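Single-letter residue listing:
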Amino acid sequence: MHYDTLTPEDIFKHFRGNVIYCPEDDIHFPTLTVDDTLRFAAKLHAPHKRIEDCTHSCYVMTMTDILQTIFGLHHTNNTPVGDAAIRGVSGGEKKRVSLSEALTLRSAITTWDK
């Protein structure tokens with residue numbers, strides 16, 4: 001897939017991490033709770049340069065809380081995300097977890113499948 005004049009090789013070489021693709025199927029660690037999933041994503045992608053007096057753990061906690069508020073996920077904090085074998089959140093809630101997780105990446109370009 002080409003984006004404007006950029007080939008996939010150009011994107012991989014020069015913009016790795018700035019362009020992400022989110023597939024239709026929501027793939028998560030099924031035994032992690034919604035809160036654990038979002039905290040894990042926020043921890044992995046916390047910026048090195050943060051607002052003054054904002055520690056790494058403060059950033060993770062704030063980002064997780066903001067995303068859960070925006071996507072209405074607070075009531076699912078302690079619910080496993082689940083999969084076909086493990087009962088978890090509903091399909092719509094799982095999609096919102098995927099959206100939240102993608103937003104923690106702070107990418108310049110995000111593409112979605114359906």
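Parameters and conventions
Each chain has its residues counted from 1, running along the sequence as written. Thresholds applied to this predicted model are a pLDDT of at least 70 for local features of residues and 80 or more for the giving and counting of side-chain atom pairs; totals over whole chains, interfaces and linings are not thresholded and use all residues. Where side-chain values are given, they derive from all heavy atoms of the structure, hydrogens and water being excluded. By disulfide we mean two sulfur atoms from cysteines, separated by a distance within 2.5 Å. Each helix corresponds to a stretch of at least 4 residues labelled H or I by DSSP, and each strand to a stretch of at least 2 residues labelled E; elements are numbered beginning at the N terminus. Think of it in three bands: with a 1.4 Å probe and only protein chains considered, a residue is buried below 20% of the maximum accessible area for its type, exposed above 50%, and partly exposed in between. Between Lys or Arg on one side and Asp or Glu on the other, a salt bridge is scored when a side-chain nitrogen of the former is within 4 Å of a carboxyl oxygen of the latter. This arc corresponds to the set of directions leading from the helix axis out to the C-beta atoms. Residue contacts follow a heavy-atom distance rule, with two residues in contact if any of their heavy atoms lie within 4.5 Å. Take the number of residues in a helix, subtract one, and multiply by 1.5 Å to get its expected span. Any pair of N or O atoms that falls within 3.5 Å is considered a polar contact. Within protein, one atom must be able to donate a hydrogen and the other to accept it, and sequence-neighbouring residues count only if both atoms are side-chain atoms. The criterion is simple. A nonpolar core is a set of buried Ala, Val, Leu, Ile, Met, Phe, Trp, Tyr and Cys residues joined through side-chain atoms within 4.5 Å.

**Q** Outline the state of the cysteines, supporting the account with residue identities and numerical values.
**A** Applying the stated rule across the entire model yields zero disulfides. We note that C54 lacks a disulfide partner, and the nearest cysteine sulfur, in C58, lies 3.6 Å from it.

**Q** Tell me about the environment of D10, and name the residues and values.
**A** On the secondary structure map, D10 appears in helix α1 (residues 8-14). We classify D10 as partly exposed; its relative accessible area is 27%. Taking the C-alpha atoms as reference, D10 lies 28 Å from K43; in sequence the two are 33 residues apart.

**Q** Could you give an account of the pattern of salt bridges, naming the residues involved and the relevant values?
**A** Throughout the structure, instances matching the rule amount to two salt bridges. We note a salt bridge from K95 to D26, for which the minimum N-O separation is 3.2 Å. Here K95, found in helix α4 (residues 91-103), pairs with D26, found in the loop between β1 (19-22) and α2 (34-44); they are 69 residues apart in sequence, far enough to count as distant. Using a relative accessible area of 30% as the deciding quantity, one classes K95 as partly exposed. In this structure, R39 engages D35 in a salt bridge whose closest nitrogen and oxygen atoms are separated by 2.8 Å.

**Q** Can you break down α2 residue by residue, with the values?
**A** Quick reminder: α-helices carry 3.6 residues per turn. Residues three or four places apart thus point the same way. Of the residues making up α2, those classed as buried are V34, D35, T37, L38, A41 and A42. Along α2, the residues classed as buried sweep out an arc of 165 degrees about the axis, all on the same side. Turned more than 90 degrees off the buried face of α2, the exposed positions are K43 and L44. Where α2 is buried, its residues touch α3 (56-70) and α4.

**Q** Now, about α4: what can you tell me, with residues and values included?
**A** Between its first and last C-alpha atoms α4 spans 19 Å; for 13 residues at 1.5 Å apiece the expected length is 18 Å, and the two agree. Three or more residues of α4 are buried, namely E93, K94, V97, S98, S100 and A102. In this fold, the buried residues of α4 make contact with β1, α2, α3 and β2 (109-112).

**Q** Can you break down the environment of H75 residue by residue, with the values?
**A** Its location among the elements puts H75 in the loop between α3 and α4. With relative accessibility at 57%, the residue H75 sits in the exposed group. Polar side-chain contacts of H75 include one of 2.9 Å to the side chain of E93.

**Q** Requested: an account of the nonpolar core, with residues and values cited.
**A** The biggest cluster of nonpolar side chains holds 14 residues, and the ones touching the most others in it are V34, L38, Y59, M63, L73 and V97. Those elements giving two or more residues to this core turn out to be α2 and α3. It is α3 that provides the largest number of residues to this core, a total of four residues. Setting aside residues no more than four positions away along its own chain, V34 makes contact with L73, T76, N77, T79, V81, V89 and V97.

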